[in-house]
Amino acid sequence: MEEKKSLKIHESDNVGVALSELSAGDECLGVTLRERIQRGHKFALSEIGKGESVIKYGQPIGRATTDIGAGEWVHTHDMETALTGRREYKYEPEIRAQEPCEPLGFYGYRRADGRVGIRNEIWIIPLVGCVNDVCGQIEERVRPVAERLGLDGVHHFAHPYGCSQLGDDHENTRRILADLAGHPNAGGVLCVSLGCENNTPGDFRKAVGDAPGDRIRYMVCQDVTDEVEEGVRLCTELCELASGDRRTECSAGDLVIGLKCGGSDGLSGITANPVVGRLSDRITAMGGTTILTEVPEMFGAEESLMNRAGSRELFEKAADMVNGFKEYFISHGQPVGENPSPGNREGGITTLEDKSLGCVQKGGTSPVRGVLGYGDTVGAKGLNMLCAPGNDLVSSTALAAAGAQMVLFTTGRGTPFSSPAPTVKISTNTALYNKKRNWIDFNAGVVAEGTCIDDAADDLLEYVLRVAGGERTCSERNGQHGIAIWKNGVTL
């Protein structure tokens, strides 16, 4: 199949996108290029007057700041965002009927509460940043025990919080850590406190709630003589308990998959994100659950999600979430549309609308069945929207805390970061895949080279089920696991 060099995504678009490097004089989509166009960048398909909308994905992605001639490069030098602050939204349902399909299977760990884990690991959770190093020492000492007993790993999750915080910050820290303590990928959890922090062991136990008591241990460092030795003893007990767990046959309907993008480029909305969107639709059609987050990267594309809400109540929750996030920006004196990073812009993304319309494609076309606040855990099967910022570390952590056993992370630039759950890196372009084989698990760049999106989604689904069944991702093989907690307020 002949490789396409450029693409008009929607029939009403007035820009095309370069799928490979283009030169001045090239004939593309009926126009002669007037200058070089880098891969992922846009060029005008007709004259666009100053102040007129630039259309991509069939939607406005901003407005021209000067007259733009056909064949000219369209980017930050000649267009800008048109986003504003809070909006009033009208519920105009656009819900596509979703045909259920027979779920595929994999082998996972069925936990006592009925949820399924795709890993059987020991997690060490510091309740306050003061004990991070202690937790790291315990992990190092316990790792050989876990390996000998056949567990999937031992990980501690360092962070700087748990004390000197007030209000929402304090509550967010406690909720995220409590969510992780109950995560189904953990066959055992050691919660480590110092003893004098705001995030007290007693309050934290209440936040954890009814998680299986025999699989969670608590240690207060100030109450023991040697905190490392005591931590090793407690984790060894947990290893021995978890070593009795066995993978059993499970259904794709048991999967909870987080959807995330980072280091996006101009191909993200053309290759990797649509492929993930098709996979999301297939997982939900099989009775499974997917979670879409990064609220600021919904700005400019939010109505396409809100109108897929399964009820007016969910629509209103989604609208409040989006407007609340805009007010968060405004309250800090920051513009609502100032999101694309330098790397995004270098890769061809110009405005937040441009980024968002590509970003939300990870959510496919299925109905929205749940809207979650930051720190909430998923309850409704199907596609869920989760309140969290666009920051890769914070939003990936929020997905894992919400219950995602795995995170699908699309990227055009590449990143080594991984959430507490196995994080599948999906490249938007083949060049990145070939360059960073130690980071990238799956190449969606083949879509730009002629592979149809459905075929790529079939391949991705097969890979996802293998990962759910135990195949390790690049980040797991590299020993990369981490968390970041959203902070907004003062530090005492």
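Model, not experiment: these values are computed from the prediction. (Residues numbered from 1 in each chain as written. Predicted model: local features only at pLDDT ≥ 70, side-chain atom pairs only at ≥ 80, totals over all residues. Heavy atoms only, no water.)

Q: Please clarify how the overall build of the protein chain should be interpreted in this entry.
A: Each helix and strand in the protein chain was counted, giving 13 helices and 23 strands. For 492 residues, the compact-globule estimate of 2.2 N^0.38 gives 23 Å, and the C-alpha radius of gyration of the protein chain, at 23 Å, lies within 12% of that figure. For the protein chain, the C-alpha atoms occupy an extent of roughly 75 × 50 × 40 Å along the three principal directions. When each of the 492 residues of the protein chain is scored for burial, the buried share is 58%. At a minimum sequence separation of 6, the contacts of the protein chain that also span at least 24 residues come to 72%. Only carbon and sulfur atoms are counted for the fraction: they give 46% of the accessible area of the protein chain, which is about 19,300 Å². Within the protein chain, the 69 negative side-chain charges are centred at a point lying 1 Å from the centre of the 51 positive side-chain charges. (Helix = DSSP H or I, 4+ residues; strand = E, 2+ residues; numbered from the N terminus. Rg over C-alpha atoms; globule rule 2.2 N^0.38 Å. Buried < 20%, exposed > 50% of the residue type's maximum accessible area, 1.4 Å probe, protein only. Contact = heavy atoms within 4.5 Å. Areas by Shrake-Rupley, 256 points an atom, 1.4 Å probe, with all protein chains shown as cover. Lys, Arg positive; Asp, Glu negative; His and termini not counted. Charge placed at Lys NZ, Arg CZ, Asp CG, Glu CD.)

Q: What is the right way to read the side chain of asparagine 273 from this model?
A: Locating asparagine 273 in the fold gives a position in helix 5 (residues 272–285). What makes asparagine 273 buried here is its relative accessible area of 1%. In contact with asparagine 273, not counting residues within four places along its chain, are Cys261, Ser268, Gly358, Cys359, Gln361, Lys362 and Thr410.

Q: Teacher, can you tell me more about the environment of isoleucine 68 here?
A: As for its position among the elements, isoleucine 68 is in the loop between strand 7 (59–64) and strand 8 (73–74). Linking isoleucine 68 and glutamate 47, residues 21 residues apart in sequence, is a C-alpha distance of 5.8 Å. With residues up to four places along the chain from it excluded, the contact list for isoleucine 68 reads Ala44, Ser46, Glu47, Ile48, Val74 and Asp78.

Q: What should I look at first to understand the sheet that holds strand 5 (residues 42–44) in this one?
A: Sheet strands line up and pair through hydrogen bonds in the backbone, either parallel or antiparallel. Here four strands make up an open sheet; going across it, the order is 1-2-5-8 and the pairing antiparallel. One side of each edge strand has no neighbouring strand; the edge strands of this open sheet are strand 1 (6–7) and strand 8. When strand 5 meets strand 8, the two strands line up antiparallel, connected through two bridges. Along strand 8, the bridge assignment pairs lysine 42 with valine 74. (Pairing = 2+ DSSP bridges.)

Q: Which parts of the structure should I look at to understand the layout of surface pockets?
A: Where empty space is left in the structure can be found by rolling a water-sized probe over the atoms. Each pocket or cavity is described by its volume, and for the largest pocket that value is around 1,300 Å³. Lining the largest pocket we find 44 residues, and of these Tyr57, Ser304, Leu357, Val360 and Gln361 sit closest to its centre. Elements represented by at least two residues in the lining of the largest pocket include exactly strand 7, helix 5, helix 6 (302–306) and helix 9 (352–359). Across the lining of the largest pocket, the residue classes tally to 15 nonpolar, 14 polar and 15 charged. (1 Å grid on protein atoms, 1.4 Å probe; cavity = no way out; pocket = protein on both sides within 12 Å on 5 of 7 lines; lining within 4 Å. Points joined across faces, edges and corners; volume = space filled by probe spheres on them. Nonpolar A, V, L, I, M, F, W, Y, C, P; charged D, E, K, R; others polar.)

Q: So what exactly am I meant to see when it comes to the packing of helix 5 against helix 12 (residues 453–468) here?
A: When two helices pack together, their arrangement is given by the angle between their axes and by how far apart the axes lie. Taken N-terminus to C-terminus, the directions of helix 5 and helix 12 make an angle of 60°; their axes are 8 Å apart at the nearest point. Every pair of crossing elements has a handedness; the one defined by helix 5 and helix 12 is right-handed. Along the contact surface, helix 5 presents Pro274, Val275, Val276, Arg278, Leu279, Arg282 and Ile283, while helix 12 presents Ile453, Asp454, Ala456, Ala457, Asp458, Leu460, Leu461 and Val464. Across the contact of helix 5 with helix 12, the residue classes break down as eleven nonpolar, no polar and four charged. (Axes fitted to C-alpha atoms, helices over the stretch in contact; angles between N-to-C directions. Left-handed = near helix turned anticlockwise from the far one by under 90°.)

Q: Can you help me understand the sheet that holds strand 17 (residues 256–261) in this one?
A: Reading across from one edge, 19-20-18-17-21-22-23 is the order of the seven strands in this open sheet, with parallel pairing throughout. The open sheet has two edge strands, strand 19 (368–372) and strand 23 (442–443), and neither has a second partner. Judged from the two bridges that link them, strand 22 (residues 423–427) and strand 23 form a sheet pairing that is parallel. Its bridge partner lying in strand 23, isoleucine 426 is registered against phenylalanine 442. Here helix 5 sits on the sheet in contact with strand 17, strand 18 (289–292), strand 20 (382–386), strand 21 (406–411) and strand 22, set at roughly 155° to strand 21. Running at roughly 170° to strand 17, helix 10 (residues 392–401) makes contact with strand 17, strand 18, strand 20 and strand 21 of the sheet.

Q: Please explain unusual backbone geometry as it appears in this structure.
A: Apart from glycine, the bulk of residues carry a negative phi angle, and the bulk of peptide bonds sit in the trans form. Phi is positive for tyrosine 57, which is not a glycine, with a value near 60°. Residue position: tyrosine 57 is located in the loop between strand 6 (53–56) and strand 7. For serine 164, which is not a glycine, the phi torsion comes out positive at approximately 60°. Positionally, serine 164 belongs in the loop between strand 13 (153–156) and helix 2 (167–181). Looking at serine 164, the relative accessible area reads 24%, which means it is partly exposed.

Q: It is not clear to me how a nonpolar patch on the surface should be interpreted in this structure. Could you clarify?
A: Taken together, the side chains of Leu166, Val490 and Leu492 present a nonpolar region at the surface, about 310 Å² in accessible area. For valine 490, the location among the structural elements is in the segment after helix 13 (474–477). (Patch = residues over 30% accessible without salt bridge, like charges linked within 9 Å, V, L, I, M, F, W, Y side chains within 5 Å. Salt bridge = Lys/Arg side-chain N within 4 Å of Asp/Glu carboxyl O.)

Q: What should I look at first to understand the nonpolar core in this one?
A: What tends to happen in soluble globular proteins is that the nonpolar side chains get buried as a cluster. In terms of nonpolar packing, the biggest core is built from 102 residues, with Leu255, Leu408 and Ile426 touching the most fellow members. If you tally residues by element for this core, the top one is helix 12, at nine residues. One finds Ile122, Val145, Ala146 and Val232 within the second-largest nonpolar core, a separate group that totals 23 residues. (Core = buried A, V, L, I, M, F, W, Y, C linked by side-chain atoms within 4.5 Å.)

Q: What is the right way to read empty space enclosed by the protein from this model?
A: A full pass over the atoms with the stated rule returns one cavity of 30 Å³ or more. Counted as a void, the largest cavity has a volume near 70 Å³. As for the largest cavity, its lining consists of 13 residues, and the residues nearest its centre are Asp265, Ser268, Ile349, Lys355 and Gly358. The dominant element in the lining of the largest cavity, judged by the number of residues it contributes, is helix 9, at four residues. Partitioned by chemical class, the residues of the lining of the largest cavity number three nonpolar, six polar and four charged.

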